[in-house]
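Coordinate analysis (summary)
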2 protein chains.
Amino acid sequence: MKALILGGDGYLGWPTAMRFASNGYDVSVVDNYLRRDIASETDSSALVETPRLPDRVEIFATHGNSRIRVFEGSCCDWEFIAGVFDDVKPDCVIHFAEQPSAPYSMRGLDEARLTLKNNIDSTFNLIWCVIRFQPECHIIKLGTMGEYGTPNIDIEEGWIDIDHKGRQDRFLFPRQASSLYHTSKILDTDLLWFYARLYGIRVTDLMQGPVYGISTPEADLDERLMPNFHYDDIFGTVVNRFIVQAVAGIPLTVYGAGNQVRGYLNILDTLQCLELAAASPPGQGELRIFNQFTETFSVNELATHIADVATGMGLAVEIAHLENPRQESEGHYYNPAHSGLRELGLQPHPLTDDVIKHFLGWVGENKGNIREERIMPRVTWRNAR
Amino acid sequence: MKALILGGDGYLGWPTAMRFASNGYDVSVVDNYLRRDIASETDSSALVETPRLPDRVEIFATHGNSRIRVFEGSCCDWEFIAGVFDDVKPDCVIHFAEQPSAPYSMRGLDEARLTLKNNIDSTFNLIWCVIRFQPECHIIKLGTMGEYGTPNIDIEEGWIDIDHKGRQDRFLFPRQASSLYHTSKILDTDLLWFYARLYGIRVTDLMQGPVYGISTPEADLDERLMPNFHYDDIFGTVVNRFIVQAVAGIPLTVYGAGNQVRGYLNILDTLQCLELAAASPPGQGELRIFNQFTETFSVNELATHIADVATGMGLAVEIAHLENPRQESEGHYYNPAHSGLRELGLQPHPLTDDVIKHFLGWVGENKGNIREERIMPRVTWRNAR
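On a predicted model such as this, the values are computed, not experimentally measured, just so you know.

1. Re empty space enclosed by the protein
For the structure on display, the rule yields seven cavities of 30 Å³ or more. By volume, the largest cavity is sized at about 270 Å³. Around the largest cavity sit 21 residues that line it, and F173, P174 and R175 of chain A together with P174 and R175 of chain B are the ones nearest its centre. Elements represented by at least two residues in the lining of the largest cavity include exactly strand 6 (159–164), strand 7 (167–172) and helix 7 (180–199) of chain A together with strand 7 (167–172) and helix 7 (180–199) of chain B. If you go around the second largest cavity, the residues you meet are L172, D190, W193, F194 and R197 of chain A together with R175, Q176, A177, T183 and I186 of chain B. When contributions to the lining of the second largest cavity are tallied by element, the ones reaching two or more residues are helix 7 of chain A together with helix 7 of chain B. No other element matches helix 7 of chain A, which puts four residues into the lining of the second largest cavity. Along the lines of polarity and charge, the residues of the lining of the second largest cavity split into five nonpolar, two polar and three charged.

This is the structure:
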């Protein structure tokens, strides 16, 4: 089985590439290092510098693993990505090749335009590569739980049966996001669903919550194989950021009231979900949607949990409430379904005290790299205009 | 009041510009003549050649009307359109600047990409022009009834209240279109709604059905002021096409079973709807949506009605069922609400025998221009891949 991973240099892309190679897939990766460029532009580099793909592949190979093929270029460049498809002829494509930062997308006009263009163009080109070169190829698209927003009804897995004035039909579950990044992924969903209906492409859309963690069996082989770990306000997700704040002795910064609830998952579970999705593709013309997270927490719960564990390890930890730089509801109903991946066989790794301890320990070893000025929010949703 | 009309050279854009100027608005129009370029590329020119905007403006002025300002350029070019906004400072923008042909968008990869890029970029730039230069400007966006598709439940005006497992919320009415053109307008809606929530832009989205007709009080002043009338398979809407077929003595070509029902309106009613929307803007942050049509017909009903009237005028008319070049349901439930514009004051012009007679008469005067090879479908949805 041949797997092509778009965005293979990313926090999730690279661990996924290694996992699929370990599982016997013939793996190719594509990246144009957009994330590295944005990190450099916004002073948001990872806690530990990671090599570029050709070096990572060599290091991974020295540990007895098969060599991953690397294509350096942009998925927005049709000639380039069509060439990759025609060469690789993948059975399965995992699409991470999107500008993934909500705060970056809200920084201003240029960043909004880049996000929209990059994410739509990469998805559009992927769709057409499948239509043109590999109509049976399974597209696994990383969506986000943020597409749904925080509606006042239960969030189903992608679809909803609506009863209206005595008649029924089934629709995409309504989506209403709170950043342009998340909105760009709604547009992706619209496109994928249109082309699934029209040309019978087969798609799994994984509506993922914020991911935390750094350790995977393959990343643990060599520090140079680890995911690029961001703790900054641009790319750092909330759990990763809180862990760094706890280690650095900076208050954990809760945005607003802290009652915002989201679904979270360990990076190990992201890998499991991708393996499970790839192992059982949907039928032609099907857009299969899973909500991909294992536990829901409010931001306050996360902060308290991490603070408690850190305090137990002798760290002095405070929690501070900041004015929320985002525009989001800070007290809302939240009950998203997430049984589909469990039914496929997902064995969750919950956010236990031990997981937090191990995580704090690893960040502690790299404490000297922490740059405090990267942590506080430098982008506010209101200022972008 | 200053009105800026994007796509002011179009079938609806130009009559709208004249109407608003007649009503005392200070009108500016923008167009890059994309439709003319596509018509030339696809051999789909209008039945009667129309002058470009600067000439039309001069002719319109000779009839005692105020001079409309013309900006020739692309709404996808940020520097250009930002310059227009900063200069004009409109109170109201009417956005027609989209690639409007469903068949063109389904012709192949290049046409799909052009449609998506043009329609998203023009809408995105418009939104940011409003944010940057005129935050109180009222955006009137031409959507399409085709965004909704043909769901098995009543179609409401843009929004739906969903009761789900004992809880309630209000959402955008689900959208599921049957061409990439229509899908691009779903993406527009996602963007407009996001920015309405985020930055409080005020938007009216007019979900329009297929428009027919050629006569407006301003267009009737001078044949060179008429809307560009397309009867081809690319730009010609179904009523206009049937009228031309009846005059040319070609069978009226019904696609498939002909039970496809849509909501239609006379070009006079498009103008009324735009005037009514502009006269009562929504509040800041509001996305107000109207379903813009006056009557629903199946394709068979339209064909029969036009054939009957034409036969009564002594024309020999047949009806032929073609294999449907589109992918669409040919027998479906269809009950869309459309009370909002009536409540604002719309006085519909129904498709009466007299309207059809007058229309047949006008096309008859231009019968010599009809090019039969432009009428049969040259694009099929399936072949585009």
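The discussion continues.
2. Notes on the environment of N369 of chain B
All names here are of chain B. Position of N369 among the secondary structure elements: in the segment after helix 12 (353–365). What makes N369 partly exposed here is its relative accessible area of 38%. Setting aside its immediate chain neighbours within four residues, N369 contacts L47, V48 and Y231. One polar contact links the side chain of N369 to the main-chain carbonyl oxygen of L47, over a distance of 2.8 Å.

3. Description of the relation of the copies chain A and chain B
Take chain A, turn it by 180 degrees, move it 0.0 Å along the axis, and it overlays chain B with an RMSD of 0.0 Å. Here the two chains are linked by the operation of a two-fold rotation axis. When each C-alpha of chain A is compared by its distance to the rotation axis, L187 of chain A comes out closest, at 2.8 Å. Take the interface residues of chain A: 100% of them recur as interface residues in chain B, which is what a same-surface contact looks like.

4. Focus on the nonpolar core
Counting residues in hydrophobic clusters, the biggest one holds 130 residues, and the most contacted among them are W128, Y195 and I201 of chain A together with W128, Y195 and I201 of chain B. Setting aside its immediate chain neighbours within four residues, Y195 of chain B contacts A112 and L180 of chain A together with F124, I127, W128, I131, G200 and I201 of chain B. In this structure, L12, Y25, Y33 and L341 of chain A belong to the second largest nonpolar core, which totals 37 residues.

5. Brief notes about the packing of helix 6 (residues 109–133) of chain B against helix 7 of chain B
Relative orientation and spacing of two packed helices are given, respectively, by the angle between their axes and the distance between those axes. Residue and element names in this part refer to chain B. Packing of helix 6 against helix 7 leaves a shortest axis separation of 9 Å and a crossing angle of 20 degrees. In this view, helix 6 runs roughly parallel relative to helix 7, as classed from their interaxial angle. Crossing hand, helix 6 versus helix 7: right-handed. Packed against helix 6, whose contacting residues are A112, T115, L116, N119, I120, T123, F124, I127, W128 and I131, the element helix 7 presents L180, Y181, S184, L187, D188, L191, L192, Y195 and Y199 at the interface. For the contact of helix 6 with helix 7, the class distribution of residues is 14 nonpolar, four polar and one charged.

6. Some remarks on the pattern of salt bridges
Applying the stated criterion across every chain yields a total of 47 salt bridges over all chains. Taking the shortest distance from any N to any O, the salt bridge between R224 of chain A and D222 of chain A comes out at 2.9 Å. Residue classification places D222 of chain A among the buried positions, given a relative accessible area of 15%. The salt bridge involving K89 of chain B is made with D86 of chain B; its shortest N-O contact spans 3.2 Å. Using a relative accessible area of 36% as the deciding quantity, one classes K89 of chain B as partly exposed.

7. Observations regarding the sheet that holds strand 3 (residues 69–72) of chain A
All names here are of chain A. Read from one edge to the other, the open sheet built from seven strands follows the order 3-2-1-4-5-8-12, with strand pairing classed as parallel. A strand with exactly one partner marks an edge of an open sheet, and here the two such strands are strand 3 and strand 12 (287–292). For this sheet, the mean angle separating the axes of adjacent strands, direction not counted, is 20 degrees. Pairing of strand 5 (residues 138–144) with strand 8 (residues 202–208) involves seven bridges; the strand directions are parallel. Each residue of the ladder has a partner; that of I139, found in strand 8, is V203. Sheet contacts for helix 4 (residues 78–88): strand 1 (2–6), strand 2 (26–31), strand 3 and strand 4 (92–95); angle to strand 3, the most-contacted strand, approximately 165 degrees. Its contacts with the sheet put helix 9 (residues 267–279) on strand 4, strand 5, strand 8 and strand 12, and the angle it makes with strand 5 is roughly 145 degrees.

Reading guide: rules and limits
- Residues numbered from 1 in each chain as written.
- Chains lettered and ligands numbered in written order.
- Predicted model: local features only at pLDDT ≥ 70, side-chain atom pairs only at ≥ 80, totals over all residues.
- Heavy atoms only, no water.
- 1 Å grid on protein atoms, 1.4 Å probe; cavity = no way out; pocket = protein on both sides within 12 Å on 5 of 7 lines; lining within 4 Å.
- Points joined across faces, edges and corners; volume = space filled by probe spheres on them.
- Helix = DSSP H or I, 4+ residues; strand = E, 2+ residues; numbered from the N terminus.
- Nonpolar A, V, L, I, M, F, W, Y, C, P; charged D, E, K, R; others polar.
- Buried < 20%, exposed > 50% of the residue type's maximum accessible area, 1.4 Å probe, protein only.
- Contact = heavy atoms within 4.5 Å.
- Polar contact = N/O pair within 3.5 Å; in protein donor to acceptor, adjacent residues only side chain to side chain.
- Least-squares fit on C-alpha atoms with pLDDT ≥ 70 in both.
- Core = buried A, V, L, I, M, F, W, Y, C linked by side-chain atoms within 4.5 Å.
- Axes fitted to C-alpha atoms, helices over the stretch in contact; angles between N-to-C directions.
- Parallel < 35°, antiparallel > 145°, perpendicular 65-115°, else oblique.
- Left-handed = near helix turned anticlockwise from the far one by under 90°.
- Salt bridge = Lys/Arg side-chain N within 4 Å of Asp/Glu carboxyl O.
- Pairing = 2+ DSSP bridges.

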